[in-house]
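Listed here are the chains, written in short residue letters.
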Amino acid sequence: MTAFVIRRILVNIVVFILIGIGVFLLVRAAPGDPVRMMIRPEDLQEGSEAFIQARREELGLNDPVLVQYGRWFLDAITGNLGDSFVNRQPVSGLLLERLGPTVLLMSTALAISLLIAIPLGTVAAVRRNTSVDYAAAALSLGVISVPSFFLGIVAIYIFSLQLGWLPSSGMSTPGGGGGTDVLQHLIMPAAILGLASAGPLTRYVRGSLIDELSADYVRTAEAKGAAPGRVVTRHALRNSLIPLITIIMINIPQMLAGAVVLEQVFAWPGMGQLAVRAVNAQDYPVIVGFALYVAALVLICNLLADLAYAAVDPRVKVT
Amino acid sequence: MAMVLAVAACSDPTQDDTSGSGDDGASSGSEDTVLNAYLYQPPAAVFSPMAPASGPDQVVMNLIFDSLLGVDPDYDLYPRLAADLPEISEDGLTITYKIKEGLTWSDGEPFTSQDVLFTYNLMTNPDTGSPGASKFADVQGAAEVAAGTAETVSGFSAPDDTTFVMTLTKPNIGIVALTGNTMIVPEHILADIPAADMDTTEFFTQSPNVGLGPYIFQEYKTDQHVHLVKNPSFREGEVEIDEIYLRPVTSDVATAQLGTGEMDLVQISPADLETVEAMDGIEVGSGPGAGYIRTSVNEKKPYLQDVRLRQAMLYAVDRQQLIDEALGGHAQPVNTSFMNDALPDDLETYDYDPDRARELLAEMNWDPNQVIELSWIPGQRDRDTAATILESQLNEVGIKLQLKQVQPGELTDLMNNQSYDMTLYGGGNYATDPWAVYPINSCATWFPNGGNLSYWCNEEFDQLMLEANATVDEAARYDLYQQAARIENAEVPMIYLYNPDTIWAYTDDIKGFVPNGDFTNPFWNVQEWSLEG
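- An unreviewed UniProt entry annotates chain B as ABC transporter substrate-binding protein of Jiangella ureilytica.

- Per an unreviewed UniProt entry, chain A carries the name ABC transporter permease and comes from Jiangella ureilytica.
- Reading the Subcellular location (unreviewed entry) entry of the UniProt record for chain A gives the comment "Cell membrane".
- What the UniProt record of chain A gives under Sequence similarities (unreviewed entry) is the line "Belongs to the binding-protein-dependent transport system permease family."

Now the structure itself:
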């Protein structure tokens, strides 16, 4: 087990470094020039060109790209991801500052999606091909089909504008704050993000549980006279959740993509907003930093999925 | 959806009282008046006059700092920290500012011309990372500082506490408008910080909490809001409204929040006018812009050099229709870069006349198979509409225009390689001082040495502009600018489209609001505002 973990971590580190190289080269291969974009063409003066050249030199953009990478890599292994071109602040600080809100949003959304998907999927599996099952299927397909940004705008219209129940954006009321306040701001974006991933999850729970319900051990349990509800929850559902762990772990990075969009709609102060702005300004260090953060998330989630699988299911041996 | 409803119903519906009555409990006294205003994107959080221009940061700086001169909604200069507009010597070489007496910084330290001297020296010093240093190129000694052979600019001086003098190497009247609005920063806070560290110093990136503006910086809560409280030592006395929150949200959300009372002041697009006008208790006001939307026509391309082609393009496009359709009528037609007093009243107005366009094209033997590409960054509704109207109406008279949507970076590359045919863009301020037209039109300021993206060159025009900017007498100066405007109007270096208004929607609880066309400065007269609850 330990050997497996160490081997996987080492492989992941190599993959991580390769991703770093790829992203670093790709953002620099994109057209445009981050320094030139600091001055709008209609604001250019005689002498602006001298500023642009001086700033390019200062940021090391005139060096060959591999030299730039080497310099960045040596800093990066000490935890220094460089400074934003736009506001000269350390990238790691900019990311960390926004990590909390994003994690809060995503973990709440994940909890909501499980709270919806597991009961709904179970009911749909047990009462399959009944109206309950069809309603669950319709609901899942519905939330999969409607883009979350649209749901977000509709929700703002209904719950903020028409009903006045919930604040329409941000993470806290200016001047306010506190747990209840943040919770009120959190409800809409987290619920919508949660709904979006609850759709597919419900289908997985249903499918997985249907497989288990037709297994021999379920028939055995029933034959022994166990209560039907107990057979489903204690025997079949537990086993059916094992493949779900993988699905959830793979789902987390996808959820992050959804969060990037919803953070824009709800002005949620997370990483998504930072990433979008960095891309628009061609702020290379921030783009690379964000990409590495996503890469790390994906790799860690995959690793955790494997480990959790082994921990939950004694039949799985990792070597 | 049922889930959302259920969860929402459990929460405490207290959102009705965030309307700016300041009644949100946690902060100071309940009598405080609080204004919530929309910020169109989060600030870069470098609140420094030396930082590259950033609109949202400028909104904040306009509230926490102050400048010698300001620009009012008519785009006229007016004195702020200065006692009056500066005195310009007869030879145009000496510009003297008198500064209001007895002013103090928000921390109680006296404000003197030494602070101005300090700030202007920082602005010209390339080590501070200031892209604006080139504005001061005509000041005596600025070249030495730029070259690194001098520490301070010999042409700046502060002979006494209320006088600041700029000495120039050649007359440059336009420098007053170009530099008079520089935000003055406190020497007593920043004196010990090396110039090279100025762009990352904590004062500018974390807590610019000492200023001369009507408000004092309290906090920037990342991507959520900038919190400001009133400055008791503001030069015009304490303002009425106690606190301001500037909140970056999307424009859809901002408009919605105007309806819920979460937002008091929002800049809106013409498309939202109808929604906003239907809201109770919401006023709408607009101010004319100072720049304009245009397409440059790259004269480096042999097939784009004939002036008749550019004239034909202007005649072929129904610009009034464009203004009505894309901007709900909230824009001014443009026929030259010059505005206000520099705008002659006898210009060709290029009214929609497709037959005239066809005539001009026939006269110059325009090849109807020649394809012209128009590159622009999509995403702004009015510009996108403008591009499609250009496409259809130019094709109608026999100019094959193809649209090409590009990313900002791609456009930069197209400009660098001079490979575009036409590009659609806009902005600038040509209303305060006509000298601002020089960098976008002169032979000496072809991109990248300036903003001349048409590579147009007319020596007579340049001569008039240079002479005007060196003429101290105002009437004579504007006469020269008008002559230059006539040349520009006839030669059409770019396809003038329209000058969009800036539209504000605000709760009618705000009294004293005067809509400004400069969207970074809605608070220009905030000392005259009050907020009723």
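**Digging into the overall build of chain B**
1) Next: What chain B contains, in helices and strands, is 17 helices and 21 strands.
2) Next: Across its three principal axes, chain B shows a C-alpha extent of roughly 75 × 70 × 40 Å.
3) Next: Expressed as a percentage of the 533 residues in chain B, the buried residues total 52%.
4) Next: Contacts in chain B between residues at least 24 apart in sequence constitute 68% of all its contacts with a sequence separation of at least 6.

**Some remarks on the interface of chain A and chain B**
1) Next: Taken residue by residue, the interface counts 61 residues in chain A and 69 residues in chain B.
2) Next: Of all the secondary-structure elements, those providing two or more residues to the side of chain A that touches chain B are helix 2 (48-58), helix 4 (91-126), helix 6 (148-162), helix 7 (179-213), helix 9 (228-265) and helix 10 (271-281) of chain A.
3) Next: Looking at which element gives the most residues to the side of chain A that touches chain B, the answer is helix 6 of chain A, with 7 residues.
4) Next: Tallied by class, residues from the side of chain A that touches chain B come to 28 nonpolar, 23 polar and 10 charged.

**Re the domain arrangement of chain B**
Residues and elements named next belong to chain B.
1) Next: Domain annotation of chain B identifies domain 1 (31-65 + 213-287 + 505-533), domain 2 (66-187) and domain 3 (292-500).
2) Next: In this complex, domain 2 contributes 12 residues to the contact, which on the side of domain 3 involves 9 residues.
3) Next: Partitioning the side of domain 2 that touches domain 3 into residue classes produces 7 nonpolar, 3 polar and 2 charged.

**Some points on unusual backbone geometry**
Residues and elements named next belong to chain B.
1) Next: Residue proline 448 follows phenylalanine 447 across a cis peptide bond; omega there is 10°.
2) Next: When you line up the elements, proline 448 lands in the loop between helix 15 (438-441) and helix 16 (459-469).
3) Next: The phi dihedral of aspartate 223 is positive, around 60°, even though this residue is not glycine.
4) Next: With respect to the helices and strands, the residue aspartate 223 is situated in the loop between strand 8 (215-221) and strand 9 (225-230).
5) Next: Given 27 C-beta atoms within a 10 Å radius, aspartate 223 is considered buried.

**Overview of the confidence of the model for chain A**
1) Next: Per-residue confidence for chain A gives a mean pLDDT of 83, with 97% of residues at or over 70.
2) Next: Least confident of the elements in chain A is helix 8 (residues 216-223) of chain A, whose mean pLDDT is 78; most confident is helix 3 (residues 65-76) of chain A, at 89.

**Some details on the sheet that holds strand 13 (residues 292-297) of chain B**
All names here are of chain B.
1) Next: Judged by pairing direction, the sheet is mixed, and its 6 strands sit side by side in the order 14-18-13-17-15-16 without closing on themselves. The sheet is open, and its two edges are formed by strand 14 (331-333) and strand 16 (400-405), each paired on a single side. With direction set aside, neighbouring strand axes in the sheet form an average angle of 25°.
2) Next: Of the pairings in the sheet, the one linking strand 14 to strand 18 (residues 494-500) comprises 3 bridges and is antiparallel in character. Residue alanine 331 lies in a different strand from strand 18, and its bridge partner there is proline 500.
3) Next: Each of strand 14 and strand 18 touches helix 11 (residues 319-327); the most contacted strand, strand 18, lies at about 40° to it.

**Side note on the UniProt feature "domain: Solute-binding protein family" (unreviewed entry) in chain B**
1) Next: The feature "domain: Solute-binding protein family" (unreviewed entry), as given by UniProt, occupies residues 77-442 of chain B in the numbering adopted here.
2) Next: Each end of residues 77-442 of chain B is marked by a C-alpha atom, and these two atoms are 25 Å apart; helix forms 29% of the span and strand 21%.

**Points about the UniProt feature "transmembrane region" (unreviewed entry) in chain A**
1) Next: Residues annotated in UniProt with the feature "transmembrane region" (unreviewed entry) correspond here to residues 9-30, 103-126, 138-162, 182-201, 241-266 and 286-312 of chain A.
2) Next: In this annotation, residues 138-162 of chain A is assigned 92% helix and 0% strand; the end-to-end C-alpha distance for the span is 27 Å.

**A closer look at helix 8 (residues 251-260) of chain B**
1) Next: Within helix 8 of chain B, 7 of the 10 residues are buried, which leaves it mostly tucked inside the rest of the structure.
2) Next: Listed as buried for helix 8 of chain B are Val253, Ala254, Thr255, Ala256, Gln257, Leu258 and Gly259 of chain B.
3) Next: Next to the buried residues of helix 8 of chain B lie helix 6 of chain A together with strand 1 (34-39), strand 11 (265-268), helix 9 (273-277), strand 12 (282-287) and strand 19 (502-507) of chain B.

**Section: the environment of valine 153 of chain B**
Residues and elements named next belong to chain B.
1) Next: Within the secondary structure layout, valine 153 lies in the loop between helix 4 (142-147) and strand 6 (156-160).
2) Next: For valine 153, a count of 24 C-beta atoms within 10 Å corresponds to the buried category.
3) Next: Along the chain, valine 153 and alanine 83 lie 70 residues apart, while their C-alpha atoms are 24 Å from each other.
4) Next: Once residues within four sequence positions are removed from consideration, valine 153 is found in contact with Asn121, Thr124, Val139, Gly141, Ala142 and Val145.

**Digging into the environment of leucine 10 of chain A**
1) Next: Turning to its location among the elements, leucine 10 of chain A is positioned in helix 1 (residues 2-29).
2) Next: Through-space distance from the C-alpha of leucine 10 of chain A to that of tyrosine 134 of chain A is 46 Å; in sequence the pair is 124 residues apart.

**Things to note about the packing of helix 16 of chain B against helix 17 (residues 474-491) of chain B**
How two helices pack is summed up by the angle between their axes together with the distance between the axes.
Residue and element names in this part refer to chain B.
1) Next: Two elements in contact, helix 16 and helix 17, have axes separated by 8 Å at closest approach and are oriented at 160°. The orientation of helix 16 with respect to helix 17, classified from their angle, is roughly antiparallel. Pair helix 16 / helix 17 crosses with left-handed handedness. Residue-level inspection shows Glu460, Phe461, Leu464, Met465, Glu467 and Ala468 of helix 16 in contact with helix 17, the latter providing Arg477, Leu480, Tyr481, Gln483, Ala484, Ile487 and Glu488.
2) Next: Taken together, the residues of the contact of helix 16 with helix 17 sort by class into 8 nonpolar, 1 polar and 4 charged.

**Considerations on helix 2 (residues 55-64) of chain B**
Residues and elements named next belong to chain B.
1) Next: Taken across its 10 residues, helix 2 has 7 buried, putting it largely inside the fold.
2) Next: The set of residues buried in helix 2 consists of Asp57, Val59, Val60, Met61, Asn62, Leu63 and Ile64.
3) Next: In the core, the buried residues of helix 2 are packed alongside strand 1, strand 8, strand 9 and strand 10 (243-248).

**Concerning the sheet that holds strand 7 (residues 163-167) of chain B**
Residue and element names in this part refer to chain B.
1) Next: Here we have 4 strands laid out as an open sheet, ordered 4-5-7-6, and antiparallel in their pairing. Lying at the two open borders of the sheet, with one neighbouring strand each, are strand 4 (87-88) and strand 6.
2) Next: Direction of pairing for strand 4 relative to strand 5 (residues 94-98): antiparallel, over a ladder of 2 bridges. Within the sheet, the bridge partner assigned to glutamate 87 lies in strand 5 and is threonine 96.
3) Next: Packing of helix 3 (residues 113-124) onto the sheet brings it into contact with strand 6 and strand 7, and relative to strand 6 it is tilted by some 175°.

**Notes on the pairing of strand 1 of chain B**
Residue and element names in this part refer to chain B.
1) Next: Among the 6 residues in strand 1, 6 count as buried, and that is most of the element.
2) Next: Looking at chain direction, strand 1 and strand 10 are connected through 6 bridges and run parallel. Paired with valine 34 across the two strands is glutamate 243, which belongs to strand 10.

Calculation notes
Residues numbered from 1 in each chain as written. Chains lettered and ligands numbered in written order. Predicted model: local features only at pLDDT ≥ 70, side-chain atom pairs only at ≥ 80, totals over all residues. UniProt positions renumbered as here; feature names shortened; annotations may be inferred. Helix = DSSP H or I, 4+ residues; strand = E, 2+ residues; numbered from the N terminus. Buried ≥ 20, exposed ≤ 12 C-beta atoms within 10 Å, placed from the backbone. Contact = placed C-beta atoms within 7 Å. Nonpolar A, V, L, I, M, F, W, Y, C, P; charged D, E, K, R; others polar. Domains from an automatic or database assignment. pLDDT = per-residue confidence, 0-100. Pairing = 2+ DSSP bridges. Axes fitted to C-alpha atoms, helices over the stretch in contact; angles between N-to-C directions. Parallel < 35°, antiparallel > 145°, perpendicular 65-115°, else oblique. Left-handed = near helix turned anticlockwise from the far one by under 90°.

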